[in-house]
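Structure assessment
The residues making up each chain are set out below.
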Amino acid sequence: MTSRSATGGGSGGGRLLIRDLAQLVTPADGPAPLRGKALGKVELTDDAFLLCEGGVIVRSGRMRDLGPLSGDVVELDGRGLSAIPGLVDCHTHACFEGDRAEEFALRAAGASYEELQAAGGGILATVRATRAAGEEGLGAAVRLHREWMLRTGTTTFESKSGYGLDRETELASLRAIAEAGGIPTWLGAHAVPPEFDDGDSYLDFALAEVLPEAATLAEAADVFLERGAFDARQATRYLEACRGAGLALRLHGDQFTEQGAVPLAIRLGVRSVDHLEATGDDGVKALAASDVVGVLLPASALFLGRPMPPARQLVDSGAAVALATDFNPGSAFCESLPLVCSLACTQLRMSPEEALTACTVNAAHVLGRSGTVGRLAPGYRADVVLLETADWRHLAYHLGGDLVKAVLREGDVVRHR
């Protein structure tokens, strides 16, 4: 056999053996999304191996059960390391240019998010910078942000448009996301751009002039249903038009106030309603009785000093939940799912097992990929994160720790140190 260390090499599409792992952990078997007690169950194997072929996992188990392998096999030494599935970030805004460091400083001095937006900051500040970047600049920005995410173990990411809010930049954003390997979502209804008087006139434009081509580039559509953005009537119009064009549906809701997002999400059968910081008891009960996934974004709540979403209540009631970063320049400048896992455990009262499942197979479900990514199991894509620890729970326990030793995507090492 050919042997290479865990800090380099890869299978090149052939056979790959990761051997002598201290631990291998994966969400428990069962249909996604996992809920309730199933959310907190993982399959853990000590002294483990993982065998991949052609970029797909074919076998895993204990080293004592491996047996001899014939033919050429690339080996990675996993001694002292633990393996988890490649992380799945199902909610990001990674296609943007510029930053909002000045806004961050003003907020630190006491300005509220709503006050900054009213003064010309917020989303529209990033819109100006993103429109000025051009398609080449947007492509470079998404590639840079993808590399940031890879460093922390994210092997599958979704990204929204929504910082162009004109035809040219929205379509360029969706192309840039796809070309960088991301899953594009058209957030055409993120905010009302300054050239339009109101949300209705902007939606007239977006649905007539942008949606037809956006539907050929994106997989899903999203809308920001919130005071100062779009109301429930406008969100309904937008989402129904997008569904008619063949897009899956997502919904930003209950970030600052309850504006009917949860009932609308359930009525339209959207894949997920994301944020939920302001969701009350009735919303929790409604989600628990539905197929809509609640995507929780604790980094955003922390960054803005907002209440955390009612994660424990959602999980205990049987609602389906996922975790994501909400990576964006204004309200969650954070690309790290390990940090989100730490926040889930310390602020949302989720267990490490629940957090791992929420940002792997459950997040993959939101993206329509729960049968191919998010688990270390036969038939799944060989997306693997090797952690520099013998106890995988350090993923969440080591707050902000740099524990990612190597990242493999489809059996090839794409990041290592």
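Residues numbered from 1 in each chain as written. Predicted model: local features only at pLDDT ≥ 70, side-chain atom pairs only at ≥ 80, totals over all residues. Heavy atoms only, no water.

**Brief notes about the environment of G134**
By the secondary structure assignment, G134 is in helix α4 (residues 123-151). The exposure class assigned to G134 is partly exposed, which follows from its relative accessible area of 32%. It is 9.3 Å that separates the C-alpha atoms of G134 and S173, two residues lying 39 residues apart in sequence. (Helix = DSSP H or I, 4+ residues; strand = E, 2+ residues; numbered from the N terminus. Buried < 20%, exposed > 50% of the residue type's maximum accessible area, 1.4 Å probe, protein only.)

**Description of the pairing of strand β16 (residues 404-409)**
Extensive coverage of β16 is indicated by the burial of five of its six residues. Judged from the four bridges that link them, strand β15 (residues 384-387) and β16 form a sheet pairing that is antiparallel. When the sheet's bridge partners are listed, V384 is paired in β16 with L408. With four bridges connecting them, β16 and strand β17 (residues 412-416) associate as antiparallel partners. (Pairing = 2+ DSSP bridges.)

**A look at the nonpolar core**
Residues I84, W186, Y238, L323 and M350 are the most contacted members of the largest nonpolar core, which totals 89 residues. Considering every element that reaches this core, the biggest residue donor is helix α6 (residues 199-217), with seven residues. Counting 21 residues, the second-largest nonpolar core is a separate cluster that includes I18, I57, A377 and Y380. (Core = buried A, V, L, I, M, F, W, Y, C linked by side-chain atoms within 4.5 Å.)

**Here's the deal with unusual backbone geometry**
For the bond running from A32 to P33, omega is 0°, close enough to zero to count as cis. Not every positive phi belongs to a glycine, and D254 is a case in point at roughly 55°. The topology assignment puts D254 in the loop between β11 (248-253) and α8 (261-268). The exposure class of D254 is buried, given its relative accessible area of 2%.

**What about the sheet that holds strand β14 (residues 321-323)?**
Within a sheet, adjacent strands bond to each other through the backbone by hydrogen bonds, running parallel or antiparallel. What the eight strands build is an open sheet, ordered β7-β8-β9-β10-β11-β12-β13-β14; its pairing is parallel. A strand with exactly one partner marks an edge of an open sheet, and here the two such strands are β7 (87-89) and β14. Neighbour to neighbour, the strand axes of the sheet diverge by 25° on average, direction disregarded. Bridge count between β11 and strand β12 (residues 272-275): four bridges; the pairing is parallel. Residue pairing in the sheet places H252 in a bridge with D274 of β12. Sitting on the sheet, helix α5 (residues 167-179) touches β8 (154-160) and β9 (183-189), and the angle it makes with β9 is about 160°. (Axes fitted to C-alpha atoms, helices over the stretch in contact; angles between N-to-C directions. Contact = heavy atoms within 4.5 Å.)

**Let's talk about the side chain of T185**
Assignment of secondary structure puts T185 in strand β9. According to the relative accessible area criterion, T185 is buried, its value standing at 2%. Side-chain polar atoms of T185 contact the side chain of E158, separated by 2.8 Å. (Polar contact = N/O pair within 3.5 Å; in protein donor to acceptor, adjacent residues only side chain to side chain.)

**Concerning α4**
Compared with an ideal rise of 1.5 Å per residue, which puts 29 residues at 42 Å, α4 spans 27 Å between its outermost C-alpha atoms and falls more than 12% short. Taken as a whole, α4 carries its principal kink of about 110° at G134. All of the buried residues in α4 are I123, T126, V127, T130, G137, L138, G139, A141, V142, H145, M149 and L150. Just beyond α4, the residue with positive phi is G153, at close to 100°. (Expected span 1.5 Å × (residues − 1). Bend = angle between axes of the 7 residues up to and from the residue.)

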